[in-house]
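Notes for the structure review
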Amino acid sequence: MNIKKAIFPVAGLGTRFLPATKAQPKEMLPVVDKPLIQYAVEEAYAAGVREMIFVTGRHKRPIEDHFDMTFELEVALEQAGKAELLHVVRSVKPDDMDCIYVRQAQALGLGHAVLCGQRLIGNEPFAVLLADDLMVGQPSVLAQMVEQYKEWRVSILAVQEVPAEHTQRYGIVAGTAVNDRLVNIERIVEKPKPEEAPSRLGVAGRYILTPGVFHEIATQQRGVGGEIQLTDGIAGLLRREKVFAYRYEGKRYDCGSKEGFLQANVELALAHPQLGPGFREFLASVR
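Here is a short report on the structure shown in this document. No experiment lies behind these values; they were computed from the predicted model shown.

**Regarding the packing of aromatic side chains**
- If you walk through the whole model with that rule in mind, you get seven aromatic pairs.
- Ring geometry for Phe126 and Phe214: centres 5.0 Å apart, planes at 5°, overall stacked. Of this pair, Phe126 sits in strand S6 (residues 126-129) while Phe214 is found in helix H8 (residues 212-219), placing the two residues 88 residues apart along the sequence.
- Residue Phe126 is classed as buried on the basis of its relative accessible area, which comes to 0%.

**Here's the deal with the side chain of Gln38**
- By the element assignment, Gln38 lies in helix H1 (residues 36-46).
- In this structure Gln38 comes out as buried when scored by relative accessible area, which is 6%.
- Dropping the residues within four chain positions of it, Gln38 is found in contact with His66, Phe67 and Val92.

**Comments concerning the nonpolar core**
- Residues Phe8, Ile37, Phe54, Phe67 and Leu142 are the most contacted members of the largest nonpolar core, which totals 37 residues.
- Breaking this core down by element, the ones donating at least two residues are strand S1 (5-9), H1, strand S4 (51-56), S6, helix H7 (141-152), strand S8 (155-161), strand S11 (201-209) and strand S12 (243-247).
- Here this core takes six residues from H7, the largest share from any one element.
- The contacts of Phe8, once residues within four sequence positions are left out, are Ile37, Ala40, Val41, Ala44, Met52, Ile53, Phe54, Val55 and Leu129.
- Counting 31 residues, the second largest nonpolar core, distinct from the first, contains Ile7, Val173, Val203 and Val243.

**Some points on the pattern of salt bridges**
- Summed over all chains, the structure comprises 17 salt bridges.
- Here Arg206 ties to Glu43 by a salt bridge, and the two come within 2.9 Å at their closest N and O atoms. Here Arg206 is found in strand S11, whereas its partner Glu43 is found in helix H1, with 163 residues between them in sequence. For the residue pair Arg206 and Glu43, the accessibility class agrees, reading buried in each case.
- Across the salt bridge formed by Arg252 and Asp133, the nearest N and O atoms sit 3.0 Å from each other. Remark: Asp133 occurs in strand S7 (residues 133-136) and Arg252 occurs in strand S13 (residues 251-254); sequence separation between them is 119 residues.

**Examining the pairing of S6**
- Along S6, one buried face is formed by Phe126 and Val128 and the opposite face, lined by Ala127 and Leu129, is buried too.
- In this structure, S1 lies alongside S6, joined through two bridges in parallel fashion. Residue pairing for S6: Ile7 is matched across the bridge by Val128.
- Note that S6 and S11 share four bridges and pair antiparallel. Residue pairing in the sheet places Ala127 in a bridge with Ile208 of S11.

**Looking at the pairing of S11**
- Of all nine residues in S11, nine are buried; the element is thus mostly enclosed.
- Bridge analysis of S8 against S11 gives five bridges, and the strand direction is antiparallel. Its bridge partner being in S11, Glu161 is matched across the sheet by Leu201.
- The sheet contact formed by strand S9 (residues 171-177) and S11 spans two bridges and is antiparallel. Opposite Ile172, over in S11, you have Gly202 as the bridge partner.

**Comments concerning the packing of H8 against helix H9 (residues 230-237)**
- Between H8 and H9, the shortest axis-to-axis distance is 8 Å and the interhelical angle comes to 120°. The handedness of the crossing between H8 and H9 comes out as right-handed. Contact residues: Gly212, Val213, Glu216 and Ile217 in H8; Leu230, Gly233, Ile234, Gly236 and Leu237 in H9.
- Considered class by class, the residues forming the contact of H8 with H9 number five nonpolar, three polar and one charged.

**A word on helix H10 (residues 258-271)**
- Helix length check: H10, at 14 residues, gives a terminal C-alpha distance of 20 Å against a target of 20 Å (1.5 Å per residue), a fit within 8%.
- Buried residues along H10 sit against strand S2 (30-31), H1, S7, S13 and helix H11 (276-285).

**Quick look at the layout of surface pockets**
- In this structure, the largest pocket encloses a volume near 1200 Å³.
- Lys26, Leu110, Leu130, Asp132 and Lys191 are the residues nearest the centre of the largest pocket, which is lined by 40 residues in total.
- For the lining of the largest pocket, the elements supplying multiple residues, two or more each, are helix H5 (110-116), strand S10 (182-190), S11, H9 and S13.
- When residues in the lining of the largest pocket are grouped by element, the largest group, four residues, is from S11.
- A class-by-class count of the residues in the lining of the largest pocket yields 18 nonpolar, eleven polar and eleven charged.
- A volume near 240 Å³ is recorded for the second largest pocket.
- Lining of the second largest pocket is provided by 14 residues; of these, Asp68, Met69, Glu74, Val89 and Val92 occupy positions nearest its centre.
- Going through the elements one at a time, helix H2 (61-66), helix H3 (71-79) and helix H4 (83-90) are the ones with two or more residues in the lining of the second largest pocket.
- When the residues that make up the lining of the second largest pocket are grouped by side-chain class, the tally is six nonpolar, two polar and six charged.

Parameters at a glance
Residues numbered from 1 in each chain as written. Predicted model: local features only at pLDDT ≥ 70, side-chain atom pairs only at ≥ 80, totals over all residues. Heavy atoms only, no water. Phe/Tyr/Trp six-rings, centres within 6.5 Å; stacked < 30°, edge-to-face > 60°. Helix = DSSP H or I, 4+ residues; strand = E, 2+ residues; numbered from the N terminus. Buried < 20%, exposed > 50% of the residue type's maximum accessible area, 1.4 Å probe, protein only. Contact = heavy atoms within 4.5 Å. Core = buried A, V, L, I, M, F, W, Y, C linked by side-chain atoms within 4.5 Å. Salt bridge = Lys/Arg side-chain N within 4 Å of Asp/Glu carboxyl O. Pairing = 2+ DSSP bridges. Axes fitted to C-alpha atoms, helices over the stretch in contact; angles between N-to-C directions. Left-handed = near helix turned anticlockwise from the far one by under 90°. Nonpolar A, V, L, I, M, F, W, Y, C, P; charged D, E, K, R; others polar. Expected span 1.5 Å × (residues − 1). 1 Å grid on protein atoms, 1.4 Å probe; cavity = no way out; pocket = protein on both sides within 12 Å on 5 of 7 lines; lining within 4 Å. Points joined across faces, edges and corners; volume = space filled by probe spheres on them.

In structure tokens:
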């Protein structure tokens, strides 16, 4: 079975980016010329996902508007003969892609956000993408994970080595190597202190999960910060099923932090075919 559905938890308040996020969702902050959420959706689409499920909050209408048709804009571009820009606007939502929105009434944690999508997912495997983590890979990071899922048919978490002093920012996994990229997870801990971390393998914001995780999330106690943690749900799933960690090929930008957001803008601008050369010259002139 291919992965056809993905959940995008986008109900967070984005407080680390205030005042920029006072009136717009952090997922709509642009990196070069596209909002963060569009990078995540394009990554999912490139991996074969066609049903995008956004778990939103009451201040997230701009996300819905972004993936909706903008009739007036399209007519204006068509009349002005701006075919290239018209193509850009229409490519935001391909015709074979469905966007579905479900409200997370209270911000009770990432696990709860995923649980909000249960009725739409049903009894099939699905992906979870966190737009805060902008992932760049060839093929896309989720496409790499889908290939692994096709071979192993188990839940798969994207992981990377993190500095020991940063373990409190991540879910940390430990287990037995299957090969040079896969680890059979035996333990997963949410945001452990460096001295308590079972390894330095941190979970990045990409998951492929089996539907069994919903039962685990729904029946667990609240975890770190009094929230319903996805990590705890995956820890419960480990008691019944194999879960693998996958060392992906590519680069992750932590756009949940201002530093990571700025790094993503600079590096993606340098890699941009039109903007890159001129921007590189500009940076060289900066003192």
